[in-house]
Amino acid sequence: MTILGAVLAGGRSRRFGGDKALAEIDGKPMIAHIIDALGPQVDALVMCGRDWPGLERIEDRPEEGLGPLGGLNAALHHALTRGHAGVLCVPVDVLPLPGDLAVRLAGDGAAVFARQHAVGYWPARLAPLLDDMLASGERRIEALIAAAGARRVEERFAMRNINRPEDLLWSDERSD
């Protein structure tokens, strides 16, 4: 079973006021932390919605502006065409990522973290389901979680969603 890693990075960062993927934590961009944590856990890695050196960019499907589900849908279809069993997806703004994401989430069915549910594993076979949901106008990840029967996995660690510049203060708390 091979797993495609997908970094969801196509957002506009409106609440952040700038490109949060490039905001620095411990001297390197947030996006680099995500890539460094996710890369070793998957068989291939793609970037959804933006360019990044050394990674293949895939565009949201069926069109941009659909939020995280547009990026996930593109990744699911990419996984299908490349023969991957599923997609381990992570938004660019949730840190720190544990080194055992694939172990904790990957399996026969979909799984998400209970509090950070944009971090999840999605079997590639769910691509047609997500196509139908997006075609009907559905954009909520909670709806996909319900439709896919995703299991919710409790986090044993503190992942943070970074939406505003003040959320970066979390990195200072870690060094205390």
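The structure presented is a predicted model; accordingly, all values stated were derived computationally and were not measured.

Some remarks on the pairing of strand β1 (residues 3-8)
At step 1: In terms of residue burial, β1 counts as a mostly covered element, since six of its six residues are buried.
At step 2: Of the two faces of β1, both are covered, the one formed by I3, G5 and V7 as well as the one formed by L4, A6 and L8.
At step 3: When β1 meets strand β4 (residues 44-48), the two strands line up parallel, connected through five bridges. Each bridged residue has a counterpart across the sheet, and for L4 the counterpart in β4 is A44.

A look at unusual backbone geometry
At step 1: Each neighbour pair has its own omega, and for R61 with P62 the value is 5 degrees, a cis peptide bond.
At step 2: In this structure, P62 sits in the loop between β5 (56-58) and α2 (68-82).
At step 3: Geometrically, the link from L95 to P96 is a cis peptide bond, its omega value of -10 degrees lying close to zero.
At step 4: Within the fold, P96 resides in the loop between β7 (94-95) and α3 (101-105).
At step 5: Positive phi, close to 50 degrees, is recorded for D26, a residue that is not glycine.
At step 6: Note on placement: D26 falls in the loop between β2 (24-25) and β3 (28-29).

Quick notes on the confidence of the model for the chain
At step 1: In this model, the chain carries an average pLDDT of 88, and 87% of its residues clear a pLDDT of 70 or more.
At step 2: Across residues 171-176, confidence stays below pLDDT 50; counting only partners more than four residues off in sequence or on other chains, it has four contacts.

Structural notes on helix α1 (residues 30-38)
One turn of the α-helix equals 3.6 residues, which is why residues spaced by three or four share an orientation.
At step 1: Counting buried residues along α1, seven of its nine residues qualify, which places the element largely inside the surrounding structure.
At step 2: Of all the positions in α1, only M30, I31, A32, H33, I34, I35 and L38 are classed as buried.

Some remarks on the state of the cysteines
At step 1: Enumeration over the complete set of coordinates arrives at zero disulfides.
At step 2: Not part of a disulfide, C48 finds its nearest cysteine sulfur in C89, a span of 8.1 Å.
At step 3: Looking at C89, the relative accessible area reads 1%, which means it is buried.

What to know about the nonpolar core
One recurring pattern in soluble globular proteins: nonpolar side chains tend to sit buried together.
At step 1: By size, the foremost hydrophobic cluster in this structure holds 32 residues, and its most contacted members are V7, L38, L88, L101 and L105.
At step 2: Secondary-structure elements contributing two or more residues to this core are β1, α1, β4, β6 (86-91), β7, α3 and β8 (111-113).
At step 3: With near-sequence residues (within four places) excluded, L88 lies in contact with I3, L4, G5, A6, L38, V42, L101, A102, L105, G120 and Y121.
At step 4: If you look at the next biggest cluster of nonpolar residues, it comprises 29 residues, including A74, A79, V112 and I141.

Thoughts on the pattern of salt bridges
At step 1: Within this structure, the stated rule accounts for nine salt bridges.
At step 2: E154 is the partner of R115 in a salt bridge, and the nearest nitrogen-oxygen pair spans 3.2 Å. Taken as a pair, R115 in the loop between β8 and β9 (120-123) and E154 in the loop between β10 (151-153) and β11 (160-161) lie far apart in primary sequence, 39 residues in all.
At step 3: Take E154: its relative accessible area is 48%, and that puts it in the partly exposed class.
At step 4: Where salt bridges share partners, they join D51, R57 and E59 into one cluster.

Cut-offs used in this document
Residues numbered from 1 in each chain as written. Predicted model: local features only at pLDDT ≥ 70, side-chain atom pairs only at ≥ 80, totals over all residues. Heavy atoms only, no water. Buried < 20%, exposed > 50% of the residue type's maximum accessible area, 1.4 Å probe, protein only. Helix = DSSP H or I, 4+ residues; strand = E, 2+ residues; numbered from the N terminus. Pairing = 2+ DSSP bridges. pLDDT = per-residue confidence, 0-100. Contact = heavy atoms within 4.5 Å. Disulfide = S-S within 2.5 Å. Core = buried A, V, L, I, M, F, W, Y, C linked by side-chain atoms within 4.5 Å. Salt bridge = Lys/Arg side-chain N within 4 Å of Asp/Glu carboxyl O.

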